[in-house]
Protein chains: 2
Amino acid sequence: MSTGKSATPSASAQSLRRAMSGLAGPLSSGEGTVPDFAAAPRPAAGEEPSVLILGAGVGGLTAAYELGRLGYRCTVLEPQPRTGGRNRTARKGDKLYELDGEGDRPVLTHTCAFDKGLYLNLGPGRIPYHHRRVLKYCADLGVSLEPYIMETTANVLHRAGHTPPGRPWRNRRIANDTRGHLAALLSATLTGNDEYTGLLRDLLRKFGDLDEEGEYHGSTRAGYAEPLDVHEFPQPADPLSLTDLVASEFWKHRFYQPVDYLWQATMFQPVGGMDKIVHALTERITSKYEVTVELEAEALSVDLTGEGVTVTYRAGGRELTATADYCVSNIPFPVLQQLTLTGFSQAFENAVGAVEYAPTCKVGWQANRRFWEDDHHQIYGGISWTDHPITQFWYPSNDYFSRTGTLTGAYNFGEHAEKMGKLAPADRLSLARDGAAQLHQEFLERTTVPDELGVTIAWHKVPHQLGGWADWDPSDEGHRVAYKQLLEPEGDGRFYVVGDQASPLPGWQEGAMMSAQYVVAQILGLLPRTAPETVQVPDAAFLTQGL
Amino acid sequence: MSTGKSATPSASAQSLRRAMSGLAGPLSSGEGTVPDFAAAPRPAAGEEPSVLILGAGVGGLTAAYELGRLGYRCTVLEPQPRTGGRNRTARKGDKLYELDGEGDRPVLTHTCAFDKGLYLNLGPGRIPYHHRRVLKYCADLGVSLEPYIMETTANVLHRAGHTPPGRPWRNRRIANDTRGHLAALLSATLTGNDEYTGLLRDLLRKFGDLDEEGEYHGSTRAGYAEPLDVHEFPQPADPLSLTDLVASEFWKHRFYQPVDYLWQATMFQPVGGMDKIVHALTERITSKYEVTVELEAEALSVDLTGEGVTVTYRAGGRELTATADYCVSNIPFPVLQQLTLTGFSQAFENAVGAVEYAPTCKVGWQANRRFWEDDHHQIYGGISWTDHPITQFWYPSNDYFSRTGTLTGAYNFGEHAEKMGKLAPADRLSLARDGAAQLHQEFLERTTVPDELGVTIAWHKVPHQLGGWADWDPSDEGHRVAYKQLLEPEGDGRFYVVGDQASPLPGWQEGAMMSAQYVVAQILGLLPRTAPETVQVPDAAFLTQGL
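Residues numbered from 1 in each chain as written. Chains lettered and ligands numbered in written order. Predicted model: local features only at pLDDT ≥ 70, side-chain atom pairs only at ≥ 80, totals over all residues. Heavy atoms only, no water.

### A short note on the overall build of chain A
Phase 1 of the analysis: When helices and strands are counted, chain A shows 14 helices and 22 strands.
Phase 2 of the analysis: Taking 547 residues into account, the globule formula puts the C-alpha radius of gyration at 24 Å, and chain A, at 26 Å, falls close to it.
Phase 3 of the analysis: Viewed in the frame of its principal axes, chain A has a C-alpha envelope of about 80 × 60 × 40 Å.
Phase 4 of the analysis: A buried classification covers 63% of the 547 residues belonging to chain A.
Phase 5 of the analysis: A separation threshold of at least 6 residues defines the contact pool for chain A, and within that pool the share at least 24 residues apart is 71%.
Phase 6 of the analysis: Looking at chain A as shown, the accessible area adds up to about 19000 Å², and 48% of this sits on carbon and sulfur atoms.
Phase 7 of the analysis: Of the charged side chains in chain A, 49 are positive and 67 negative; the average position of the first set lies 4 Å away from that of the second. (Helix = DSSP H or I, 4+ residues; strand = E, 2+ residues; numbered from the N terminus. Rg over C-alpha atoms; globule rule 2.2 N^0.38 Å. Buried < 20%, exposed > 50% of the residue type's maximum accessible area, 1.4 Å probe, protein only. Contact = heavy atoms within 4.5 Å. Areas by Shrake-Rupley, 256 points an atom, 1.4 Å probe, with all protein chains shown as cover. Lys, Arg positive; Asp, Glu negative; His and termini not counted. Charge placed at Lys NZ, Arg CZ, Asp CG, Glu CD.)

As structure tokens, this is what we get:
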């Protein structure tokens, strides 16, 4: 076997390459263009190359979709009994496994007991509007999307010692009182009487809702002091003082995360759960193309020394062998490192071993009453923030005004995730309940939020995953070498890695799809198989820092 | 007849009054509580009072709902062939009438030609999360709601002479480059080395995305310079300079409106059109309660000199008379002023004549292609702003990713609305197309946005409406006297006015419902029929100012 079977670069290569490297539209800054492989050259009939895809995560499934569409014969080997990888949505009856204390044996930790119809996304939970690949695949596959609300001004922030338990600060107060105070401070420094300074003063008045003198005395942007009535008019409440705001260090608890491009409105989520994407991909590739998905088939070794690529895997209690022209690995690097790799370069093996996956936990709750939407809270979606180990608390962006709902009761990183992951599931839920009660006293009522309706996952302990995302760090010299290496195939263009792990967007499905498209274009010969001379290193810190 | 038929104040009055004046929850600032009349005393069987309700706007329908629910026998007289008043949604075949040049004869201006299934809200278009009454009635009535997206960072702003036609600035650039520059300016003034100043500097770094030196050199919050690829990393574009931002005076074109409490996330809209609220109210009151709605029944006079209230009205070409124990007028004040009022106090008649309704126009378009959602624009809901007379441009917050959609191509006030209202519908659409093309060149393609699929309304020329909302102005001494007067019934508690016009929220359905509840409580004897000694005056300026 040689790579000669792949289509040779053609006139369309340049246009595709241009599309893949992106065209800045006339509005500039960030308009993406998504390559369309439909115009790519197809292999001759009867000579369709075969591809083994290891792992049915979003990256693997996307590769199978694009290659399958062009007639490539694909087999996807997936060790788990479902496709999707970290794109997982918990529903009634779903079993959650984690590795035991020794880290080598999967143990059933608990089974999701949500009411039928309820669900919680355990992995990715939102799609930015500029993640054009995800949106395009959803359109192609008929996956219905609805807005994911990242921030509402009714959301709250709790910080121990600064906001009393059950009396956190509203987002609208923190955000707008801070704006007002900062604008007033700056306005006070402006001394000029020229036109420019006059306009700048006017801008600051609007920016911070300052009075004519450029002072801030509170704003109805922070909410009304009292509910309105025909003779009760909008009045600003006393503002939080800048001293209190600064002392609270609220900005260290992800408060400004929604300002970041990745979380700006309008975000989306699939109606019914994030795994609708995975189900639609799986259904499409297996029903329409020459693609087979083998579940509970765990890859053990990859051998590049022979003709094509040979993979051994365990399925149905037996060890089996498969050979193909190409192999695309969607296996997380820390897991891939545990496979027996033969015929790979030392540089590649080093690269696979260079990057760890980040620890991260989620907790989910079913609530039997949507108390957060009542007159007292008025919260419809968005996230509340806290310095408690749960870190953040999500409200559902779906089925508003219904009776019940699910909440993301923790989503943490680093040390908090490490510690929480070491706890037994019941203890994680107990910790998460403590944190939630700082935000909402309703969490003290076990009839409203019963213990048995909690779910929890420590992704760094999940078999075949071992973490939330590749923890790339540009300051790590080993990472610098590794990322470039991983963008180039091994074995004379026969073995490729895909996934958000091999993209500038670790932790995002867009990264997984981008990576899959890149590798598909390399396989098709539409892109060079060598990475550009200088490549940056992804920076996973944006996912975990206080922002 | 005397008002003795109404229930006498009881022990529940105090609790209702407390509810109506609002209880600040422990989170304080703005949590509303909505009165529930279900616990109110019901009239004795066979002695149910009768009520004539003039006008089937949201205020009139709400009064009919609450009184009907308690057994009151209500007749709603509505001059138009539909209920809802300014809550109107345009669909295929809907006829739009305006008064002719002389202002005295309704003329059919055009008929909506949207494709079946498309619609556009001509009046109210969104519901704030703290408008608890609207949300509660929607829940009671089974009206499905979905998020209304007020702002996305992909929205744009055009200002002639500052942004070239078709190349407006993105919201994310204006918002975040401004934040960055302002934060850097302030940071540069901080000289202290104490802990507080250190924290303040850190806050500014996060607030504005400044570098370690407290300087701003652009941020990916404003978008990426280039679309991402596996070897194309997030890079901030060159920021808009503060000089350019200040010179554009962008903040004078409503850019910061979404920061205002009334427009903060999460807003809602009824699935399928705002008039779903009206249809549900109408259906409920006529099917479940002793309420009759007579359409095309135009009130001509109200007489308080006899027993009860006598109203003459025109219906089916005849002049008819009706008498009832109470009368609730939902007629806009400028229209009510034209009725023959007998037995009213001079103070009341003066009050009715004191306030004008504000001019306002809307333009709507069907687009045969949702070009604004494509890779180039990436806009999903929200509003773009412009200094062109169209003032603003709304994208649909529903049916994302579908083929076609409707856009609000103008929503203006004051002089712009006056001038636009004077144009023939075809000329309004032509003007609106010019404005839209400054934002989106696609408006030059008549196949994408055909002339014949435009709709337009000048609310100040609509029969029985005469404007968008009561143009209350606290600086007008006549308004000060008038508002208080209008909160008190005429004719020994027999005649009441309702509507957003008699609330601190002119132009909002919440105001209409609040007013209706206030009057119902007065009729029930649960609230005093005299207004409080000092009452503020509503301020409609917030609706029309540049914010």
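### Examining the relation of the copies chain B and chain A
Phase 1 of the analysis: Superposing chain B onto chain A requires a rotation of 180° together with a translation of 0.0 Å along the rotation axis, leaving an RMSD of 0.0 Å. Read as a symmetry element, the transformation amounts to a two-fold axis. Residue Leu186(B) of chain B places its C-alpha closer to the rotation axis than any other residue of that unit, at 2.7 Å.
Phase 2 of the analysis: In this assembly the copies share their binding face: 100% of the residues contributing to the interface of chain B also contribute to that of chain A. (Least-squares fit on C-alpha atoms with pLDDT ≥ 70 in both.)

### Concerning the packing of helix H2 (residues 58-69) of chain B against helix H3 (residues 132-141) of chain B
Residues and elements named next belong to chain B.
Phase 1 of the analysis: Taken N-terminus to C-terminus, the directions of H2 and H3 make an angle of 60°; their axes are 13 Å apart at the nearest point. The angle between H2 and H3 places the two elements in the oblique class. Both H2 and H3 take part in a crossing whose hand is left-handed. Between H2 and H3, the residues in contact are Thr-62, Tyr-65 and Glu-66 and Tyr-137, Asp-140 and Leu-141, respectively. (Axes fitted to C-alpha atoms, helices over the stretch in contact; angles between N-to-C directions. Parallel < 35°, antiparallel > 145°, perpendicular 65-115°, else oblique. Left-handed = near helix turned anticlockwise from the far one by under 90°.)

### Things to note about the sheet that holds strand E12 (residues 297-303) of chain B
What links the strands of a sheet is backbone hydrogen bonding, and the strands pair in either a parallel or an antiparallel sense.
Residues and elements named next belong to chain B.
Phase 1 of the analysis: In spatial order, the strands read E14-E13-E12-E16; together these four strands make up an open sheet with mixed pairing. Bordering the open sheet on either side are strand E14 (318-324) and strand E16 (340-342), each of which pairs with just one other strand. Averaged over all pairs of adjacent strands, the angle between strand axes in this sheet comes to 30°, irrespective of strand direction.
Phase 2 of the analysis: One ladder, built from seven bridges, connects strand E13 (residues 309-315) with E14; its direction is antiparallel. Paired with Val-311 across the two strands is Ala-322, which belongs to E14. (Pairing = 2+ DSSP bridges.)

### Side note on the interface of chain B and chain A
Phase 1 of the analysis: Each partner contributes residues to the interface: chain B has 105 residues there, and chain A has 105 residues.
Phase 2 of the analysis: When chain B packs against chain A, close to 9400 Å² is buried across both sides, 65% of that on carbon and sulfur atoms.
Phase 3 of the analysis: Our count for the contact surface shared by chain B and chain A stands at two salt bridges.
Phase 4 of the analysis: One can count 26 residue pairs in polar contact (both at pLDDT 80 or more) joining chain B with chain A.
Phase 5 of the analysis: Contributions of two or more residues to the side of chain B that touches chain A are made by helix H1 (11-21), H3, strand E7 (145-148), helix H4 (171-189), helix H5 (195-208), helix H6 (242-248) and helix H13 (509-523) of chain B.
Phase 6 of the analysis: Examining the composition of the side of chain B that touches chain A, we find that nine residues originate from one element, H4(B), more than from any other.
Phase 7 of the analysis: Tallied by class, the residues present in the side of chain B that touches chain A amount to 56 nonpolar, 28 polar and 21 charged. (Buried area = accessible area lost by both parts, 1.4 Å probe. Salt bridge = Lys/Arg side-chain N within 4 Å of Asp/Glu carboxyl O. Polar contact = N/O pair within 3.5 Å; in protein donor to acceptor, adjacent residues only side chain to side chain. Nonpolar A, V, L, I, M, F, W, Y, C, P; charged D, E, K, R; others polar.)

### Considering the nonpolar core
Phase 1 of the analysis: In terms of nonpolar packing, the biggest core is built from 324 residues, with Val302(A) and Val302(B) touching the most fellow members.
Phase 2 of the analysis: Val302(A) has contacts with Leu54(A), Val309(A), Thr310(A), Val311(A), Leu339(A), Thr340(A), Leu341(A), Thr342(A), Phe344(A) and Phe495(A), leaving out every residue within four places of it along the chain. (Core = buried A, V, L, I, M, F, W, Y, C linked by side-chain atoms within 4.5 Å.)

### Considerations on the confidence of the model for chain A
A low pLDDT score tells you not to read the predicted coordinates there in detail.
All names here are of chain A.
Phase 1 of the analysis: With 93% of its residues at a pLDDT of 70 or more, chain A shows a mean pLDDT of 93.
Phase 2 of the analysis: Note on residues 1-17: pLDDT under 50 across the span, and 34 contacts to partners over four residues away in sequence or across chains.
Phase 3 of the analysis: Considering only residues more than four positions removed or in separate chains, one finds that residues 19-32, a stretch of pLDDT under 50, has 51 contacts.
Phase 4 of the analysis: In the predicted assembly, ipTM is 0.94 and pTM is 0.94. (pLDDT = per-residue confidence, 0-100.)

### Some thoughts on the packing of helix H5 (residues 195-208) of chain A against H4(B)
Phase 1 of the analysis: Orientation of H5(A) relative to H4(B), taken along the N-to-C sense of each, is 110°, at an axis distance of 12 Å. Considering the angle they form, H5(A) stands roughly perpendicular to H4(B). With respect to the hand of their crossing, H5(A) and H4(B) are arranged in left-handed fashion. Facing H5(A), whose interface residues are Leu200(A), Leu203(A), Leu204(A) and Phe207(A), H4(B) presents Thr178(B), Arg179(B), Leu182(B) and Leu185(B).
Phase 2 of the analysis: Considered class by class, the residues forming the contact of H5(A) with H4(B) number six nonpolar, one polar and one charged.

### Focus: the packing of aromatic side chains
Residues and elements named next belong to chain A.
Phase 1 of the analysis: What the rule picks out here adds up to 63 aromatic pairs over all chains.
Phase 2 of the analysis: Relative to Phe-443, the ring of Trp-365 has its centre 5.5 Å away and its plane inclined at 70°; by these criteria the two rings are edge-to-face. Taken as a pair, Trp-365 in strand E17 (residues 360-367) and Phe-443 in the loop between helix H11 (425-439) and strand E21 (454-458) lie far apart in primary sequence, 78 residues in all.
Phase 3 of the analysis: In this structure Phe-443 comes out as buried when scored by relative accessible area, which is 0%. (Phe/Tyr/Trp six-rings, centres within 6.5 Å; stacked < 30°, edge-to-face > 60°.)

### So, the side chain of Gln269(B)
Residues and elements named next belong to chain B.
Phase 1 of the analysis: Note that Gln-269 resides in strand E10 (residues 267-270).
Phase 2 of the analysis: Judged by its relative accessible area of 5%, Gln-269 falls in the buried class.
Phase 3 of the analysis: Only 3.1 Å separates the side chain of Gln-269 from the backbone oxygen of Ser-397, close enough to count as a polar contact.
Phase 4 of the analysis: Leaving out residues up to four positions away in the same chain, Gln-269 has contacts with Gly-125, Ser-144, Leu-145, Glu-146, Pro-147, Tyr-148, Ser-397 and Asn-398.

### Overview of a negative patch on the surface
Phase 1 of the analysis: Taken together, the side chains of Glu356(A), Asp471(A), Asp473(A), Asp476(A) and Asp539(A) make up a negatively charged region of the molecular surface.
Phase 2 of the analysis: Along the chain, the position of Asp476(A) falls in the loop between E21 and helix H12 (477-486). (Patch = residues over 30% accessible without salt bridge, like charges linked within 9 Å, V, L, I, M, F, W, Y side chains within 5 Å.)

### A short note on the environment of Gly55(A)
All names here are of chain A.
Phase 1 of the analysis: Structurally, Gly-55 is set in the loop between strand E1 (50-54) and helix H2 (58-69).
Phase 2 of the analysis: Given the relative accessible area of 9%, Gly-55 is considered buried.
Phase 3 of the analysis: Along the backbone, Gly-55 and Glu-78 are 23 residues apart, and their C-alpha atoms lie at a distance of 4.7 Å.
Phase 4 of the analysis: Setting aside residues up to four positions removed in sequence, Gly-55 forms contacts with Gly-60, Val-76, Leu-77, Glu-78 and Asn-330.

### Quick notes on helix H9 (residues 346-354) of chain B
Think of an α-helix as 3.6 residues a turn; residues three or four steps apart then line up on the same face.
Residues and elements named next belong to chain B.
Phase 1 of the analysis: Within the span of H9, buried status applies to Phe-348, Ala-351 and Val-352. What you see down the axis of H9 is that its buried residues fit within an arc of 100°, all on one side.
Phase 2 of the analysis: Buried positions along H9 lie against helix H8 (333-336), helix H12 (477-486) and strand E22 (495-497). (Arc of directions from axis to C-beta.)

### Focus on the sheet that holds strand E22 (residues 495-497) of chain A
All names here are of chain A.
Phase 1 of the analysis: In space, the five strands of this open sheet follow the order E11-E2-E1-E15-E22, with parallel pairing throughout. In the strand order of this sheet, the two ends are held by strand E11 (291-294) and E22, each with one partner. Each strand of the sheet is rotated relative to its neighbour by a mean of 15°, with strand direction disregarded.
Phase 2 of the analysis: Seen against the sheet, helix H13 (residues 509-523) touches strand E15 (326-329) and E22 and runs at an angle of roughly 160° to E22.

### Quick notes on the pairing of strand E10 (residues 267-270) of chain A
All names here are of chain A.
Phase 1 of the analysis: Side chains Met-267 and Gln-269 of E10 all project onto a buried face; the interleaved residues Phe-268 and Pro-270 project onto the opposite face, where all are buried too.
Phase 2 of the analysis: Two elements, strand E7 (residues 145-148) and E10, share four bridges in a ladder whose sense is antiparallel. Bridging from a neighbouring strand, Glu-146 pairs with Gln-269 of E10.

### Quick notes on the pairing of strand E4 (residues 95-99) of chain B
All names here are of chain B.
Phase 1 of the analysis: In this structure, E4 lies alongside strand E5 (residues 106-111), joined through five bridges in antiparallel fashion. In the strand pairing of E5, Glu-98 is matched with Val-107.
Phase 2 of the analysis: Hairpin connection from E4 to E5: six residues lie between these consecutive antiparallel strands, with Gly-103 at a positive phi of about 80°.

### Quick notes on empty space enclosed by the protein
Phase 1 of the analysis: Applying the stated criterion across every chain, the model contains nine cavities of 30 Å³ or more.
Phase 2 of the analysis: As a volume, the largest cavity reaches approximately 940 Å³.
Phase 3 of the analysis: Residue lining of the largest cavity: 42 residues in total, with Glu151(A), Pro258(A), Val259(A), Glu151(B) and Pro258(B) positioned closest to the centre.
Phase 4 of the analysis: Of all the elements in the fold, those that place two or more residues in the lining of the largest cavity are helix H4 (171-189) of chain A together with E7 and H4 of chain B.
Phase 5 of the analysis: Roughly 170 Å³ of internal volume is contained in the second largest cavity.
Phase 6 of the analysis: Around the second largest cavity, the lining is made up of 13 residues, and of these Leu120(A), Asn121(A), Gln269(A), Trp394(A) and Thr408(A) lie nearest the centre.
Phase 7 of the analysis: Contributing elements (two or more residues each) for the lining of the second largest cavity: strand E6 (120-121) and strand E20 (405-413) of chain A. (1 Å grid on protein atoms, 1.4 Å probe; cavity = no way out; pocket = protein on both sides within 12 Å on 5 of 7 lines; lining within 4 Å. Points joined across faces, edges and corners; volume = space filled by probe spheres on them.)

### Focus on the pattern of salt bridges
Phase 1 of the analysis: Following the criterion strictly, the structure yields 38 salt bridges over all chains and no others.
Phase 2 of the analysis: Note that Lys252(A) and Glu249(A) form a salt bridge whose closest N and O atoms lie 2.7 Å from each other.
Phase 3 of the analysis: Judged by its relative accessible area of 33%, Lys252(A) falls in the partly exposed class.
Phase 4 of the analysis: With relative accessibility at 17%, the residue Glu249(A) sits in the buried group.
Phase 5 of the analysis: As a salt-bridge pair, Glu477(B) and Arg480(B) come within 3.9 Å of each other at their nearest N and O atoms. Of this pair, Glu477(B) and Arg480(B) both sit in helix H12, three residues apart, which is roughly one turn of the helix.
Phase 6 of the analysis: Overlapping salt bridges bring together Asp36(A), Glu66(A) and Arg69(A) as one network.

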